[in-house]
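# Structural overview
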Amino acid sequence: MAKEQRRPNIRQERMERRVEMAKRDDVEVVPKRAAETNDFIRLLTSNDFIINRLRQQLGRRNGVPVEQAVQFLERNETLRQEMNTLNAEICASMGMDYRPPRGFENPLKVKPELEMVEDRKKIKAK
């Protein structure tokens, strides 16, 4: 009976902690709709911690050499851009408009300036 009484309290405490965390400026809330989302959340949480530590140790005696740290940070950025591209490609294949998150651009969107330049080239070629 003691276990039955404790269990709701633990769940309630966990829920209250999550709500408090969600109120913080440095925390984002991710709705989970796809089965893979939990994996991504765990990977990104680890990545956030590790990249922060990498930046803190940059240039220190016992830290990661700067050249290697820069390579890691570049790979991290490449992965972010790759996820953005994957999202755009999936949306395009389903006929959906892709609205990238703040700070990103749709990599498949043709820029109007480029279209005009290409059209001028076609006109001149005729």
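Residues numbered from 1 in each chain as written. Predicted model: local features only at pLDDT ≥ 70, side-chain atom pairs only at ≥ 80, totals over all residues. Heavy atoms only, no water.

Here the focus is the side chain of Asn-84. Residue placement: Asn-84 occurs in helix α3 (residues 66-93). Taking the relative accessible area as the measure of exposure, Asn-84 reaches 5% and is therefore buried. Separated by 2.8 Å, the side chain of Asn-84 and the backbone oxygen of Glu-105 make a polar contact. Apart from the residues lying within four places of it in its own chain, the contact partners of Asn-84 are Tyr-98, Pro-100, Pro-101, Phe-104, Glu-105 and Pro-107. (Helix = DSSP H or I, 4+ residues; strand = E, 2+ residues; numbered from the N terminus. Buried < 20%, exposed > 50% of the residue type's maximum accessible area, 1.4 Å probe, protein only. Polar contact = N/O pair within 3.5 Å; in protein donor to acceptor, adjacent residues only side chain to side chain. Contact = heavy atoms within 4.5 Å.)

Turning to α3, a few remarks are in order. End to end, α3 covers 40 Å across 28 residues, agreeing with the expected 40 Å (1.5 Å per residue, within 8%). When α3 is considered as a whole, its buried residues turn out to be Ala-69, Asn-76, Asn-84, Ala-88 and Cys-91. Elements in contact with the buried residues of α3: α2 (37-57). (Expected span 1.5 Å × (residues − 1).)

Position of Thr-37 relative to the elements: it lies in helix α2. Accessibility expressed as a relative area gives 14% for Thr-37, which makes it buried. For Thr-37, the side chain forms a polar contact with the main-chain oxygen of Ala-34, separated by 3.1 Å. Excluding anything up to four places from it in sequence, Thr-37 contacts Val-30, Pro-31 and Lys-32.

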